[in-house]
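Spelled out from the first residue to the last, the chains are:
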Amino acid sequence: MVNMHRVVDHIVGQLAANGVTHIFGVDGANIEDLYDAAYFREDITAVLAKHEFSAATMADGFSRSGGRIGVVAATSGGGCLNAVPGLAESLASRVPVLALIGQAPTTLDGRGAFQDTSGDNGSLDAHALFSAVSLYCRRVLKPTDILTALPEALAAAHTGGPAVLLLPKDIQQAELGAPGAGNGRTGAAGSTMARHCDLNALEQALRRADGPITVIAGEQVARDDARAELERLRSILRARVATVPDAKDVAGTPGFGSSSALGVAGVMGHPGVAVAAAQSALCLLVGTRMTVTARAGLDEALASVPTHSIGAQVPYPPCTHTHSDDLRVSLTLLAGALSGPGRRAQVRVPDPAPPTELRPPVHDGPGIRYRDAMRVLDDVLPDGTDIVVDAGNVGASAIHHLPARRDGRFMVALGMGGMGYSFGAGIGMTFYRAAPAGMVPTRRTAVIAGDGSFFMHGMEIHTALQYRLPITFVLFDNHAHAMCVTREQLFYEDRYSYNRFGPSRLGAGLAAMFPGLPAYDVAEIRHLPQALGMALDADGPSVLSIECSADEIPPFAAFLTTTTSPPSISEENPSHVTARA
């Protein structure tokens, strides 16, 4: 038993005092003292991942699921470098994450130590590196510095994005003083009062709108748990509602404006969104910055229609913005102001929004079609299922075709779009669902990913098995980086392919690798409902591998505009097409 009160003991104590329940990471010599400190606390669970990228996405997924902050720990050298792309996704998507990065002892700074990242004497400069992927980065050089550095980092992360503390091993081990010193809440979780600008201008604009209103809702609605408040405002305005791709669950699900739902905006979305926006008297953006991926096809409409926004971040397209750090409060106040005597005159219930879909060319080759598989998932996945979608053709198909479940999250990473994000994020989400009760969760998470993503970070399935998490991994096996194959076909005349793999049987392979893991391979659509049902009924994690085709073009607008008239090479990179989406 550790008798002294070390810096690491202070860190885990303060995290627990601020409501942190989980630390995700990979152990190592220069972070092991943090794991040791966590061992002595019943209110902190230290989760061991297989890779630091996945540990970072676990923290990201934990935070997006409703946890106010996710925490990732990594050791020095290659360990912490592996976490960089995960933190970059959290930065781009404004997800609150705290990264605790171990470093070599300060006594070895600039002296050729293994994994020296002090920046001294030509060594790699971790402060410069991590400052580029965080809102706050500080190297702790004295034990007492942690008393200010930790609350500053937590406060920075809670504004929306990663904060990084660089912790040399000797500083972690140093005695800080009496255990009571500095204990208690740092106040970081609520260190600044939520800011709400005057809502009067937005209220007046909504009241004066002479015609239909279109609402486009974003991820902050989920982060602030403001779904009910959004729906009340939508119903008062008699507005139609769409969502950005990474916020499918905030509106349009049963009970939340489904009769007026337009679907998803953007490059993987539904054409009716742009039509409705162009015909509106006013567009209201709620909790979204409207990145290029989310607003593809909407720029003309947003430029021609009066556009207002409310949220913590100013959107990219020009608009009249109202700041809100807490949409639950702001939308409640706005709905109240527009109710009763303030209610808009001459409003009517809009007609049900007709469903619209992108139309990829018919593909009749081998394998199960994406759309058919999504129909089965839609039929079988129960209410309350959380869905995490990975990048690529499969991700585009799920975003376009698969509705969110009632009372479930629908999560996708579009800030950096890293392949393999879903494996760690699904695990982090599932741990969050367990956190309030402190037990293994009973509701199931469905991770939907391609084989390319699996080959990058799919070994986190073993982590799910280790912790007996109820996650079903639905792997679409098309033996390729299929979105890159599509690009080769459309933009380079199908002259070659660097992006096809040899065949695999992921279900059988994983069942052999991990005894006790229910895993199935499906090659025909008629077998999919039964196999999916068995996978969902499993006690703990399960795997379902679906044979599909890399040659099927997904519902991705930038690809579909080229299928009738091949573009020139100069046109092959539209601004909203990512190189490895």
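Let us look at the structure shown here. This structure is a prediction, so every number in the text was calculated from the model and none was measured.

**Concerning the packing of helix α3 (residues 52–64) against helix α18 (residues 421–434)**
Line of reasoning, step 1. Where α3 meets α18, the closest approach of the two axes is 6 Å, and the angle between their N-to-C directions is 45 degrees. With respect to each other, α3 and α18 are oriented oblique. α3 and α18 meet at a crossing whose hand is right-handed. On the side of α3, the interface is formed by Phe53, Ser54, Thr57, Met58, Asp60, Gly61, Phe62 and Arg64, while α18 contributes Tyr421, Gly424, Ala425, Ile427, Gly428, Met429, Phe431 and Tyr432.

**Side note on the nonpolar core**
If you look at soluble globular proteins, the nonpolar side chains tend to sit buried side by side.
Line of reasoning, step 1. Ranked by internal contacts, the top residues of the largest apolar core, which has 50 residues, are Phe130, Ile461, Phe473 and Leu475.
Line of reasoning, step 2. Take this core: its biggest share by element is six residues, from α18.
Line of reasoning, step 3. Viewed by domain, this core spans two of them, domain 1 (5–175) and domain 3 (370–559), each represented by three or more residues.

**Remarks on the sheet that holds strand β14 (residues 410–412)**
Line of reasoning, step 1. Read across the sheet, six strands follow the order β14-β13-β15-β16-β18-β17 without closing on themselves; strand pairing throughout is parallel. Edge positions in the sheet fall to β14 and β17 (519–522), since each has one partner strand and no second. Neighbour to neighbour, the strand axes of the sheet diverge by 15 degrees on average, direction disregarded.
Line of reasoning, step 2. Looking at chain direction, strand β13 (residues 386–389) and strand β15 (residues 445–450) are connected through four bridges and run parallel. The partner of Asp386 across the bridge, within β15, is Thr445.
Line of reasoning, step 3. In this fold helix α16 (residues 370–380) packs onto β15 and β16 (471–477), with an angle of close to 165 degrees to the strand it touches most, β16.

**Considering the pattern of salt bridges**
Line of reasoning, step 1. Counted by the stated rule, this structure contains 29 salt bridges.
Line of reasoning, step 2. Arg409 is paired through a salt bridge with Glu219; the nearest N and O atoms lie 3.0 Å apart. With Arg409 in the loop between α17 (393–401) and β14 and Glu219 in helix α10 (residues 219–223), this residue pair connects regions lying 190 residues apart in the sequence. In terms of burial, Arg409 and Glu219 fall into one category: buried.
Line of reasoning, step 3. A salt bridge links Asp386 to Arg443; its shortest N-O distance comes to 3.6 Å.

Thresholds, definitions, all that
Residues numbered from 1 in each chain as written. Predicted model: local features only at pLDDT ≥ 70, side-chain atom pairs only at ≥ 80, totals over all residues. Heavy atoms only, no water. Axes fitted to C-alpha atoms, helices over the stretch in contact; angles between N-to-C directions. Helix = DSSP H or I, 4+ residues; strand = E, 2+ residues; numbered from the N terminus. Parallel < 35°, antiparallel > 145°, perpendicular 65-115°, else oblique. Left-handed = near helix turned anticlockwise from the far one by under 90°. Contact = heavy atoms within 4.5 Å. Core = buried A, V, L, I, M, F, W, Y, C linked by side-chain atoms within 4.5 Å. Buried < 20%, exposed > 50% of the residue type's maximum accessible area, 1.4 Å probe, protein only. Domains from an automatic or database assignment. Pairing = 2+ DSSP bridges. Salt bridge = Lys/Arg side-chain N within 4 Å of Asp/Glu carboxyl O.

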